[in-house]
Amino acid sequence: MKSLKKIFSALLSILRYIFTLIISTLGKFIGRKNDEPPSPMGLPVVGTLFSLIAAGGGEYLHLYIDKRHKQLGKIFKESIGPVDAVFVSDPKLIKTIYSLEGKYPKHFLPEPWVLYNEKYGSKRGLYFMDGEEWRFHRRILNESLLRSDPNAGLEDVHDLVLSKFINDWQKHIGNEFTVDEHGFYKLSISFFVASMMGSTYLDHEEVFQEDIDKLASFIHLIFVESCNLQLLPAKLSAFLNVPAWRRFVDYVKSALDLGKLLTEKMMEKRDENSFLAKLMNEDIPKDDVVRVVVDLILGGSDTTSNTIHWIVYELGRNVEVQNKVAEDPNNRSVVKGVVRETLRLYPAAIFIARSLTDDAIIGGYRVPAKTWLVMSSYTSGRSQEYFPNPDEFWPERWLRDDSKASGYTGVLDAGASTPYGMGLRSCIGRRMSEALMNLFVSKIIANFHLVSTCETDIILRLVPVPKTPVRLLLTARN
Ligand code: HEM
């Protein structure tokens, strides 16, 4: 009886899905108006899905959308399968969207995650919250993670985390090797755990290593399976119980369970001046502190470790940049430039989306409420109009220059590269991730000389990742 009910409910979801597809597509064909953004020709029901498939599929969505911007302009509307979206690459229009996002900005959530949370009754952290619940937690986190510096006074703790990574890489000196993503995940998680629990991490570092190592594997595996699940609607994958869905569920469960255990240990051993101690002193039930912290760790890992991957790749291709950093590894301006330039070329959030509660006029076009407005960070970040020689890795373009309208040496409009987003829902982990990446650049260059021994390109797997493994030749720097 139970399984009949399950089949019936899954069939209903599929029918609902097909019905929505048909209605949304018919709507498009019957009611197109002149004041809507330009849009490419699409087929009934599937829209332009086949064009995307012909262009290589979801892994090349950034290039596909980039080409559309070149054809149709800085704002256009496209229906890819069931999703109707307006894509925007103009920094002024991007600002307009943020200015209209309202008190409770609504962003896009990956479908498999939403389904997992629904099916297993999983209550999650900030990224998944909405309305008053989101605003309450966001205000508290804003205070300790953005307004005050979550890295202050943690130099020794951070040095310890980085030195472990550097020691690990010493074994590669003199060899050509394939960069190990797991190492970046471990580095990122260790850094966030240490930053959140404070200086007591120095005494308990060993206790956490095994959990961090396992968690790094689970988070990485979730990431891989989420990408595999992009091929089918998540509800269908769950109904068919395809292997990728089963693995996704297993890894998410394991990561959330282990994340909870780890967070409880962190809470027990926290420093009294730490971020965690502050959070525990707020009027928040313990379970909610745990889910917020677990999701900070999960949310920060893919984004930061993949950005570090690109940092290494670009440094390895740009010896003169390495030499500039090596002249003074503590020169924050050049180091920060390396990080900013990497995020311009490889923005972890390659598309950022908002759905507005009211109809809006964007760039002179009418955009109905609830339409997905998608900001194309890849396109705006690589546009000649905003960045001279846009494909060049040129960290010094980000050096301050007050004589320039943008305030930077080689940037025409800094608003065209906002990798952490803007507005009320911008990245809460920005200061933590910047601290890690800046320190990473200084330490890696102080210790090694890097050469990337093969070229690669971006493919999109939720975040931009290298299409082929990054290989490096490492020598010691004296
Ligand atoms: C290279 C590193 C990172 C990049 C490029 C990045 C980018 C972003 C962007 C663009 C958003 C806004 C999404 C939206 O508006 O829909 C965001 C949100 C968020 N980020 Fe990050 N992020 C990074 C690292 C981190 C880290 C280290 C953490 C945690 C320690 C973190 C936690 C979050 C959370 C919880 C949100 C949701 C905020 C909310 O809904 O209010 N991120 N991130």
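Here the structure is a predicted model, which is why all the values come from computation and not from measurement.

Asker: What is the right way to read unusual backbone geometry from this model?
Answerer: Even without glycine at this site, Lys370 takes up a positive phi of about 75°. By secondary structure assignment, the location of Lys370 is in the loop between β6 (365-367) and β7 (372-376). Looking at Lys370, the relative accessible area reads 67%, which means it is exposed.

Asker: In this structure, what is going on with the pattern of salt bridges? I would like to understand it.
Answerer: Under the definition given, this model contains 35 salt bridges. One salt bridge in this structure joins Arg425 and Asp130, with 3.3 Å as the shortest N-O distance. Residue Arg425 is located in the loop between α16 (377-381) and α17 (430-447), and its partner Asp130 is located in the loop between α5 (111-119) and α6 (131-147); the two are separated by 295 residues in the primary sequence. Overall, the relative accessible area of 9% leaves Arg425 in the buried class. Linking Glu206 and Lys164 is a salt bridge whose minimum nitrogen-to-oxygen distance equals 3.5 Å. One end of the pair, Glu206, is in helix α9 (residues 201-228); the other, Lys164, is in helix α7 (residues 155-170), and 42 residues separate them in sequence. Take Lys164: its relative accessible area is 37%, and that puts it in the partly exposed class.

Asker: Can you help me understand the UniProt feature "binding site: heme" (unreviewed entry) in the chain in this one?
Answerer: UniProt annotation of "binding site: heme" (unreviewed entry) refers to Cys427 when read in the numbering used here. Residue position: Cys427 is located in the loop between α16 and α17. Here Cys427 falls in the partly exposed class, since its relative accessible area comes to 30%. Not counting residues up to four positions away in its chain, the partners in contact with Cys427 are Leu146 and Tyr420.

Asker: Honestly, the site of the ligand in this entry has me stumped. Any pointers?
Answerer: Taken together, 26 residues surround the ligand, and among them Trp134, Arg138, Arg354, Arg425 and Cys427 come closest. In this structure, Arg138 approaches the ligand through a side-chain N or O atom, which is 2.8 Å from an oxygen atom. A distance of 2.6 Å is found between an oxygen atom of the ligand and a side-chain nitrogen or oxygen belonging to Arg425. Counting only elements with at least two residues in the shell around the ligand, the list comes to α6, α13 (286-317), β4 (351-355) and α17. The element contributing the most residues to the shell around the ligand is α13, with five residues. In the shell around the ligand, the residues fall into 15 nonpolar, eight polar and three charged.

Definitions and limits used
Counting restarts for each chain: residues are numbered from 1 in the order of the written sequence. Since the coordinates come from a predicted model, pLDDT governs what is reported: local features require at least 70, and pairs of side-chain atoms require 80 or more to be given and counted, while whole-chain, interface and lining totals use all residues. The side-chain figures draw on all heavy atoms in the structure; neither hydrogens nor water molecules are used. Note on conventions: DSSP H or I runs of at least 4 residues are helices, E runs of at least 2 residues are strands, and numbering of each starts at the N terminus. Each residue is placed in one exposure class: buried if its accessible area under a 1.4 Å probe, protein chains only, is under 20% of its type's maximum, exposed if it is over 50%, and partly exposed if it falls in between. Counted as salt bridges are all cases of a side-chain nitrogen of Lys or Arg within 4 Å of a carboxyl oxygen of Asp or Glu. UniProt positions are given in the numbering used here, feature names are shortened, and annotations may be inferred rather than shown by experiment. In this description, contact between two residues means that some pair of their heavy atoms is separated by no more than 4.5 Å. One heavy atom suffices: a residue is near a molecule or strand as soon as one of its heavy atoms comes within 4 Å of it. Identification of polar contacts relies on pairs of N or O atoms within 3.5 Å, with a donor-acceptor requirement for protein atoms, meaning one able to donate a hydrogen and the other able to accept it, and with residues adjacent in sequence counted only if both atoms are side-chain atoms. Residues were grouped as follows: Ala, Val, Leu, Ile, Met, Phe, Trp, Tyr, Cys and Pro as nonpolar; Asp, Glu, Lys and Arg as charged; and all remaining residues, including Gly, as polar.

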